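Per-entry structural report
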Amino acid sequence: MITTASTASAAYWEPCWAEGRRYRQLCEAERRLMNEYLGPGCARPALDIGSGAGALARHLHHELGYRTTGVDCSPSAVALAAAQDTGTVPGPAWRCLDITTTDLAALPDPAFAVITCRLVYRWMDDKAAFIERVRHLLAPGGIFWVVTEIAGRRPTSDPALQRLGITAAEAELLTSAWSVVRVADLDVLRCYALRP
């Protein structure tokens, strides 16, 4: 029997990061949406799940003023993110951990005012369990910011690329248990600002 690594695990992502693969950069339009939907951090804690090279976590930390922790299951991604913190002002805290399996007490704060998840939700094997873990970590009145590709929106006829995003059912699962759901589109991506 052949088994494949979970697409949410270090076994899947570490080789990608270690071999130098890089992913879609944070664009100015996405930064503006974050500024609008998340607002000023005022040193409140924020958690960036699947932080990769750390651009979103650094934006939360330096531009919006959150006290940010970036987590990723890939040691190479965490090392890359930390290596970019070369200024005199302290950057985000970086942790190598798997958000789906790690004891949540290992995080530096018991709850977060903002939790971000950029280009990660699509890869979660058990999306319902992942959402429940996020809800457990979100402070009262907090925001869960999700940026994900929507299936079928790429301008291509390649079926493999068309399936890269989330389906309508996965979008419904993501949004159904929140009292406030705000949505903004960016080309093939959709941004969700979710509140309990």
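About the criteria used
Residues numbered from 1 in each chain as written. Predicted model: local features only at pLDDT ≥ 70, side-chain atom pairs only at ≥ 80, totals over all residues. Heavy atoms only, no water. Helix = DSSP H or I, 4+ residues; strand = E, 2+ residues; numbered from the N terminus. Buried < 20%, exposed > 50% of the residue type's maximum accessible area, 1.4 Å probe, protein only. Areas by Shrake-Rupley, 256 points an atom, 1.4 Å probe, with all protein chains shown as cover. Lys, Arg positive; Asp, Glu negative; His and termini not counted. Charge placed at Lys NZ, Arg CZ, Asp CG, Glu CD. Pairing = 2+ DSSP bridges. Right-handed = clockwise from strand over helix to strand, strands pointing away. Salt bridge = Lys/Arg side-chain N within 4 Å of Asp/Glu carboxyl O. 1 Å grid on protein atoms, 1.4 Å probe; cavity = no way out; pocket = protein on both sides within 12 Å on 5 of 7 lines; lining within 4 Å. Points joined across faces, edges and corners; volume = space filled by probe spheres on them. Nonpolar A, V, L, I, M, F, W, Y, C, P; charged D, E, K, R; others polar. Axes fitted to C-alpha atoms, helices over the stretch in contact; angles between N-to-C directions. Contact = heavy atoms within 4.5 Å.

**Here's the deal with the overall build of the chain**
Along the chain, the regular secondary structure elements total 7 helices and 7 strands. Going from the N terminus to the C terminus, the chain shows its helices and strands as α-α-β-α-β-α-β-β-α-β-α-α-β-β. Looking at the chain as a whole, 45% of its 196 residues qualify as buried. Accessible surface, the chain: about 9,400 Å² in total, of which carbon and sulfur atoms supply 56%. When the 20 basic and 21 acidic side-chain charges of the chain are each reduced to a single mean position, those positions are 4 Å apart.

**What to know about the pairing of strand E1 (residues 45-49)**
Of all 5 residues that make up E1, 5 are buried, and the element is covered over most of its length. The two faces of E1 match: Pro45, Leu47 and Ile49 on one face and Ala46 and Asp48 on the other face are all buried. Relative to strand E2 (residues 67-72), E1 runs parallel, the two sharing 5 bridges. When the bridges of E2 are listed, isoleucine 49 appears paired with valine 71. Considered for its hand, the β-α-β crossover made up of E1, helix H3 (residues 55-63) and E2 is right-handed. Here E1 pairs with strand E4 (residues 112-118) via 4 bridges, running parallel. Bridge pairing in E4 links isoleucine 49 to cysteine 117.

**Some details on the pattern of salt bridges**
Summed over all chains, the structure comprises 6 salt bridges. Two residues, arginine 58 and aspartate 85, come together in a salt bridge whose shortest N-O distance is 3.9 Å. Within this pair, whereas arginine 58 is found in helix H3, its partner aspartate 85 is found in the loop between helix H4 (75-83) and strand E3 (93-96), the two being separated by 27 residues in sequence. Aspartate 85 sits in the partly exposed class, given a relative accessible area of 27%.

**Considering unusual backbone geometry**
Positioned with a positive phi, leucine 119 is a non-glycine residue whose angle comes to about 60°. Relative to the helices and strands, leucine 119 is located in the loop between E4 and helix H5 (127-137). Exposure remark for leucine 119: the relative accessible area of 25% places this residue in the partly exposed category. Of note, aspartate 187 is a non-glycine position whose phi angle comes to about 40°, a positive value. Here aspartate 187 is to be found in the loop between strand E6 (180-186) and strand E7 (189-195).

**With respect to the layout of surface pockets**
When its volume is computed, the largest pocket comes out at roughly 890 Å³. Broken down by secondary-structure element, the contributors of at least two residues to the lining of the largest pocket are helix H1 (10-18), E1, H3, E2 and strand E5 (138-149). Sort the elements by how many residues they give to the lining of the largest pocket and H1 lands first, with 4 residues. Considered class by class, the residues forming the lining of the largest pocket number 22 nonpolar, 8 polar and 11 charged.

**Describing the sheet that holds E2**
Paired through their backbone hydrogen bonds, the strands of a sheet run either parallel or antiparallel. Taken together, 7 strands build an open sheet; the order of strands is E3-E2-E1-E4-E5-E7-E6 and the sheet is mixed. Single-partner strands in this sheet number two, and they are E3 and E6. Strand-to-strand twist in this sheet, taken as the mean axis angle between neighbours without regard to direction, amounts to 15°. Where H4 meets the sheet, its contacts fall on E2 and E3, and the angle it forms with E3 comes to roughly 170°. The sheet strands contacting H5 are E1, E4 and E5, and the helix crosses E5 at an angle near 145°.

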